[in-house]
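# Reading the structure
Residue strings, one per chain:
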There are 2 protein chains.
Amino acid sequence: MKFQAPKGTRDFYPAEMAWRRWLEGKWRAVSIRNGFEEVEGPIFETLELYTAKSGDEIVNQLFQVTREGSDKIHAIRPEFTPTLARMVAEKANALPKPIKWFSIPNLCRGEQPQRGRLREFLQWNIDMMGIAEPIADAECIFTTVDLLSELGLAPNMVKVKISHRDVVRRILSRLGVADDHMVATFELLDRREKLPDDVFRERANAIGLDGTALERLDQVALVRYPTSEPWDQIKARIPLPESDLEDLADLHDKLRAFGIDDWCEYDLGIVRGLAYYTGTVFEIHEITGAERAMAGGGRYDQLIESVGGPPTPAVGMGMGDVVLSLVLQDKGLLPHDVMPQLDAFVIAAAEAAQSRVPDLVATLRAAGLHARFSYRSTTNVGKLLKEAAQHHARAAVILDDNTLSADTVAVKDLATGEQTDVPSAELTSALLHSRR
Amino acid sequence: MKFQAPKGTRDFYPAEMAWRRWLEGKWRAVSIRNGFEEVEGPIFETLELYTAKSGDEIVNQLFQVTREGSDKIHAIRPEFTPTLARMVAEKANALPKPIKWFSIPNLCRGEQPQRGRLREFLQWNIDMMGIAEPIADAECIFTTVDLLSELGLAPNMVKVKISHRDVVRRILSRLGVADDHMVATFELLDRREKLPDDVFRERANAIGLDGTALERLDQVALVRYPTSEPWDQIKARIPLPESDLEDLADLHDKLRAFGIDDWCEYDLGIVRGLAYYTGTVFEIHEITGAERAMAGGGRYDQLIESVGGPPTPAVGMGMGDVVLSLVLQDKGLLPHDVMPQLDAFVIAAAEAAQSRVPDLVATLRAAGLHARFSYRSTTNVGKLLKEAAQHHARAAVILDDNTLSADTVAVKDLATGEQTDVPSAELTSALLHSRR
């Protein structure tokens, strides 16, 4: 009987896992220094939490969870935001505001596996709740940029594309899209590049966007405005009165105050597929457009109230590990040396010393040293040193007849080849001291 | 609309999550220093992987996973060992032996939630593959004890109860249990304390264990033998010839070589519920018996071959977070101060300084410092210092009119109350230097 990993999922063997832990460590360190606190939730939630709150695209990809003897239907989480909203709603009054949370959940979506898309993936989430002003949107984007920069990426490699649903809504409204078609229009615009042109036009027409309106939309949506330009110059190019752009003007000011305007540009063609976004929305893209979006986020001021909480303004960002890793690989930014270092490989060079090995290994480990030994019964030092080298040990600790009589051990530095006798009682401190 | 977390699952708010990360950090550090490398697998697997390999108890508790448009049935992992066996089987020839892996998966079982049992929990797994000798069993137990000791537990609080399925099988065989009833007998014995006495006796009789045989079994199974006793004394009390006890004799020798005999005892009443165990089995119990088993493990020499791999001897251990946390809480061993420390809370004491805050915060964060600021528009230093204290900041960095003219900032140590002026250019290194 042969078994395989389910389609679109991954097995993390030690080398892949070490890289995953490295990335998680970066996500965590950047989150913490930006003032976010970590949270986690269940791997599955009530099905209704998603059917009520996520967009159609995600709902169609749900993995349903059932159990014999129960008629409850759950779903493996396809995104973290509904869980987060539920958690905030449940304890809203007990939580000091503002709330700044991060999480690194694994998520499942039944998509067709392809480059940049898997059925199970990791996603770094940061969310700020309780701040209605664009300073929160700007800090979310800043934290995302802090991560990109920490990984070695630069403004000439990736771009934060920023839009605003209120602004796009007002433009669409002026082009003839009715309010009750607005969410469907956002979902359609989000899928624009994935749909054949004629299918897109047909669906757009059905929503109220005819040929002329689409053309005028393109004039707005296909232009990019670098954040480094002065606001007066940008606002003149958006076909709305100044009073409709106050939120975006404030965001512009804050992005520049954080000093990240060279990483960002406005791109009103960005709308995001999720149903619950309200104000600012943004995506991170590799600059050549070679990959899918590396991250996305936005403001969702109504979500927490809609799951039973008090009215709570909120803004957040999600970054998956799959596209990010493709971009890092492509730029040569994946680290090489991420496996834990082996401090000592303990060798018995004489039969009488073999029974001493476990005890010495136990002593080293209790001191926090990473120590291994051979499971073979040989006392051939050459073979055992070779095994130590295969494990990339920094030192071999050699027990022999001399050890038993004089109570010293030989320590061989496997980088330099130098061998010295060390009193047994000083071995632990010597090995700790020589740690890189 | 109100939503709740699914029954038996947990929401980890920042305080609970910080504790969870602390525990995961301990599991990881102990694993690494004992020479284990981390792996992970998918959150769900083919249903058949479990129905074929796990015991009935686990199979009855599976959460099934389905997706519209597909007739494949998967199950959320109720344990990690089948995934591990599949991963080893798939790459057996490419993996250097011995294989020593650890993992910290979340697992789901549809049990009735109760003290010590949840429907989703974390489990630390360590597994050694490719070593048939009891040195591997002993090192698995040693690593488990290393963790218990690292957490502050001691031999007078918890006990490793060790048994051996071959030994128990031979005793049962002599008592009249047929070979094809053996797995069912193990499962029955494992549930002995959970079943009413008459139900247990009825089922035992059906398997071939009548009144006299059960009595004789009790004479063996209810006695404890401390590992610190000499082997000759122990073996004399097990009703089997010496040739049937060689494996256990070797294990005894290795447990003592690792110096953990005061943590262990033999308890032939331990059999473990899982179908795939072959030789050594063990459980960790709080010494008063107040809680369920804290951890369990054993040898499963046939599992990897049965999922399509080459014959590969293996031994492993799994430790959940739920019972462990109850025991740690009960012993007062849960740490208090596990939230990340806040290095600096940046305050604008003058309106002209407010726009400088994001830039300074960005600089501190880029240097790896954990920095926050207030989202309120006030410049009232008293209020802002109070906010800094609520965040448990170690320092407040105060920008005022003086900052703008003289390019210095005031740094207030919030532990001592001492305030000093620091040149802006030296702020980062001063804060890094004063880190605990």
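Residues numbered from 1 in each chain as written. Chains lettered and ligands numbered in written order. Predicted model: local features only at pLDDT ≥ 70, side-chain atom pairs only at ≥ 80, totals over all residues.

### Description of the environment of isoleucine 104 of chain B
Residues and elements named next belong to chain B. Heads up, the condition is: Secondary structure elements follow DSSP: runs of H or I no shorter than four residues count as helices, runs of E no shorter than two count as strands, and numbering proceeds from the N terminus. Around each residue's C-beta, the other C-beta atoms within 10 Å are counted; 20 or more make the residue buried, 12 or fewer make it exposed, and counts in between make it partly exposed. All C-beta atoms are placed from the backbone. Any two residues are considered in contact once their C-beta atoms, placed from the backbone, lie within 7 Å.
Residue position: isoleucine 104 is located in the loop between β5 (99–103) and β6 (106–108). The class of isoleucine 104 is partly exposed, set by 18 C-beta atoms lying within 10 Å. Once the C-alpha coordinates of isoleucine 104 and tryptophan 124 are considered, the two residues, 20 residues apart in sequence, prove to be 4.6 Å apart. Apart from residues lying up to four places away in sequence, isoleucine 104 is in contact with Glu24, Trp27, Leu122 and Trp124.

### A word on the relation of the copies chain B and chain A
Worth spelling out the cut-off: Copy-to-copy superposition: least squares on the C-alpha atoms, limited to residues that have pLDDT of at least 70 in both copies.
With an axial shift of 0.0 Å and an RMSD of 0.1 Å, the rotation relating chain B to chain A amounts to 180 degrees. Such a combination of rotation and displacement between the chain copies is what one expects of a two-fold axis. Taking C-alpha positions as the reference, the residue of chain B nearest the rotation axis is valine 65 of chain B, at 2.4 Å. An overlap of 100% is found between the interface residues of chain B and their copies at the interface of chain A, pointing to a shared contact surface.

### Thoughts on the environment of leucine 214 of chain B
Residues and elements named next belong to chain B. With respect to the element layout, leucine 214 can be found in helix α9 (residues 211–221). A sequence separation of 218 residues divides leucine 214 from leucine 432, and the C-alpha atoms of the two residues are 68 Å apart. Setting aside residues up to four positions removed in sequence, leucine 214 forms contacts with Ala204 and Leu209.

### Considerations on the domain arrangement of chain A
For the record, the criterion: Each domain's extent was defined by an automatic or database domain assignment.
Domain assignment breaks chain A into domain 1 (14–330) and domain 2 (342–433). Here domain 1 of chain A and domain 2 of chain A have C-alpha centroids that lie 53 Å from each other.

### Digging into the sheet that holds strand β4 (residues 70–76) of chain A
Rules: Pairs of strands are assigned from DSSP output, requiring at least two bridges between the strands. Comment: axis = line fitted to C-alpha atoms, over the contacting stretch for helices; angle = value between 0 and 180 degrees taken between N-to-C directions.
One open sheet holds the six strands; their spatial order is β2(A)-β4(A)-β3(A)-β3(B)-β4(B)-β2(B), and the pairing between them is antiparallel. Only two strands of the sheet have a single partner each, and these edge strands are β2 (44–46) of chain A together with β2 (44–46) of chain B. Strand after strand, the sheet turns through a mean of 40 degrees between neighbouring axes, direction not considered. In this sheet, β4 of chain A lies alongside strand β3 (residues 63–67) of chain A in antiparallel orientation, the contact comprising three bridges. Counterpart to arginine 67 of chain A in the pairing with β4 of chain A is serine 70 of chain A.

### Some details on the interface of chain B and chain A
Accessible area lost when the parts come together is the quantity often used to give the size of an interface. We count it as follows: Lys, Arg, Asp and Glu make up the charged group, whereas Ala, Val, Leu, Ile, Met, Phe, Trp, Tyr, Cys and Pro make up the nonpolar group; the residues left over, Gly among them, are polar.
On the chain A side, the residues contacting the 68 residues of chain B number 68 residues. Looking at side-chain class alone, the side of chain B that touches chain A contains 34 nonpolar, 16 polar and 18 charged residues.

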